[in-house]
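# What the coordinates show
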Amino acid sequence: MVRAQTWQAKLGYGSLFVILGIISLLCLAPIWYTIAVSLSEKSAAAANAVTLLPVGFNWSSYEKLLEDQKFFTAFGVSLQRVALGGLLNFLMTVLMAYPLSREANKFRSRNVYMWILVFTMLFSAGLIPWYMVIQKLHLLDTMWALVLPGAVPVFNVILLMNFFRGIPKDLEEAAAMDGAGHLYMLFKIFIPISLPALATVTLFSIVGHWNSFFDGLILMNHSNNYPLQTYIQQLVVQINDMSRMNPDEIKQIMQISSKTLNAAKIVISMIPILIVYPFLQRFFIHGIVLGSVKE
Amino acid sequence: MKKNMTLHLMLLPGMAILFVFAILPMLGAVIAFQDFNPALGVTRSPWSGWANFTFMFQIPDSKQVFTNTLVIACMKIISGLVVPLLFALLLNEMRLAWFKKSVQTIVYLPHFLSWVILSGIVLDLLSYDGIINHILSTFGLNPIMFMSNNHWFRWILVFTDTWKEFGFNTIIYLAALTGINPSLYEAAAIDGAARMKQIRHVTLPTLLPTIILLATLAIGNVLNAGFDQIFNLYNPLVYESGDIIDTYVYRTGLIEQQYGLATAIGLMKSVVSFLLIIVSYRLAYKFANYRIF
């Protein structure tokens, strides 16, 4: 690579570092700020005196958080949802991607299934009928309402199907020669080969489960059943919508709601994402690129 | 035949779930044509023909809601195409591998955080006595009620959405850039092309197919203005500039319990979106030879 060595080029390259550095900082700043607020003194945070460093550094908001029963209940609901929902998503993805990756001349109904799948992905009946079906099935206020309706991640099925199709045919034929059935083929050959791709789609579905709040809000009537994001939504966002309240109500809520405590809750709810993030990053570029490989 | 039985059985659980949670609601959407009464249910509620749809076009809200949806979605689409492109061009010039990688790690992160959390932070930063207004006042400017101001609200939506997603959206451009043959740059440099000229004549043409593909696929999204974000940021004072189809359906249907009307609006959105997606896929196939299945 030929690189220009004029002073203009050097200056240009130097400013590239500065620009990229500033953009990165802008991405981190709001998160950093929230951490700083969570570690600040209550009065300083309420007066908006916190900028980039905690004012009056202390852990009291986290200590207070430990006594908050509701927070832990919601955290538990979210953990359950991630475990059960992630497992269901994983099972449905592999169980559906494999048959759909078969060629249509060997598996006649393949295209019919495929059309149904794609149709459900592109067309939805809308919120109200969807809600009414879940209500009619008496799933409201149960864990199933959070994991069953989204149990088939259609887009992930298609991604993995494309990946399965890219697996060399010789491998399959060799196994078929030895008399391997479909289940053996899927679990002993296809899944081990596609572990990175599977890890990607599973991590994405886990992050999706952790982050979703709206289904928790409309499908759970009791706040004890709220997953963490719904709980935080009620606490942090709804309270900010003060236009519906009169001044007395606003004052009252300001006194109860503690900015530092809320910040601490936000920080704790981000931690699981930050933990899986390095793994996500290792896999996702690979996963996205492989999903776009066309036959 | 017997061998394929296993394949059918593998598909069965997933298909059953799709039937219950995707196909059944489609049948249930007939209540868009009913004067729906929950006590009577779908089977016994009286039919009302197109009444819900004609009513939808009569109420003043609907024009505003449709306009907001289109405007916000288009603003986000444009910004979502341009900003990641510019950022990918910048990042592509960076030769120091560890620095480039650290920048990528940082800018992808907001994509994985939920709108609940980010909205909580945004509402705090932009509140009347929040940090942004503090900064404005040090420059001698008057504080702004950002979250209840109809001039600002759409820009805040677009800006925060871009902030959250631009990093992640650069991935696809960067993937296309890794395919550039370095000898193209060398040839351009020998011909005396400076960096800016190299970007214009080598880098951008390489990215053009990707840009066209992304723009085409975006057609399917012009009715998706981003429910999660708006739901967590808006309030009645900014309905005028920020209320979209999805938030309107939620309020009319689940809060005010006008089931028939809300279903009709939602159904119309679904049908139009579906047609747009079909068109965009057709175009993407035609121009970029792109197929998802």
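Up top you'll find the structure we're talking about.
This write-up is about the structure you can find in this document. Since this is a predicted model, take the numbers as computed values, not measurements. (Residues numbered from 1 in each chain as written. Chains lettered and ligands numbered in written order. Predicted model: local features only at pLDDT ≥ 70, side-chain atom pairs only at ≥ 80, totals over all residues. Heavy atoms only, no water.)

Let us look at the interface of chain B and chain A. Of the residues lining the interface, 89 residues belong to chain B; the matching set on chain A comes to 97 residues. Carbon and sulfur atoms make up 80% of the area that chain B and chain A hide from each other, which totals about 8,400 Å². Summed over the shared surface of chain B and chain A, the number is one salt bridge. Among the ionic pairs, Asp-124 of chain B bridges to Lys-259 of chain A, the shortest N-O distance being 3.0 Å. In this assembly, chain B and chain A are joined by twelve residue pairs in polar contact (both at pLDDT 80 or more). When residues in the side of chain B that touches chain A are grouped by element, the largest group, 20 residues, is from helix H1 (residues 2-28) of chain B. Residue composition of the side of chain B that touches chain A, grouped by class: 63 nonpolar, 18 polar and eight charged. (Contact = heavy atoms within 4.5 Å. Buried area = accessible area lost by both parts, 1.4 Å probe. Salt bridge = Lys/Arg side-chain N within 4 Å of Asp/Glu carboxyl O. Polar contact = N/O pair within 3.5 Å; in protein donor to acceptor, adjacent residues only side chain to side chain. Helix = DSSP H or I, 4+ residues; strand = E, 2+ residues; numbered from the N terminus. Nonpolar A, V, L, I, M, F, W, Y, C, P; charged D, E, K, R; others polar.)

Residues and elements named next belong to chain A. According to the stated counting rule, one finds eight salt bridges over all chains in the structure shown. The partner of Lys-265 in a salt bridge is Asp-68, with the nearest N and O atoms 2.8 Å apart. Remark: Asp-68 occurs in the loop between helix H3 (60-66) and helix H4 (69-100) and Lys-265 occurs in helix H15 (residues 259-291); sequence separation between them is 197 residues. What makes Lys-265 buried here is its relative accessible area of 4%. Given the relative accessible area of 16%, Asp-68 is considered buried. For Asp-215, the salt bridge is made with Arg-81, and the minimal N-O distance between the two is 2.8 Å. Separated by 134 residues along the polypeptide, Asp-215 in helix H12 (residues 214-219) and Arg-81 in helix H4 bring together distant segments of the chain. Just as Asp-215 is buried, Arg-81 falls in that class too. (Buried < 20%, exposed > 50% of the residue type's maximum accessible area, 1.4 Å probe, protein only.)

These results come straight from atomic positions and should not be treated as a statement about function.
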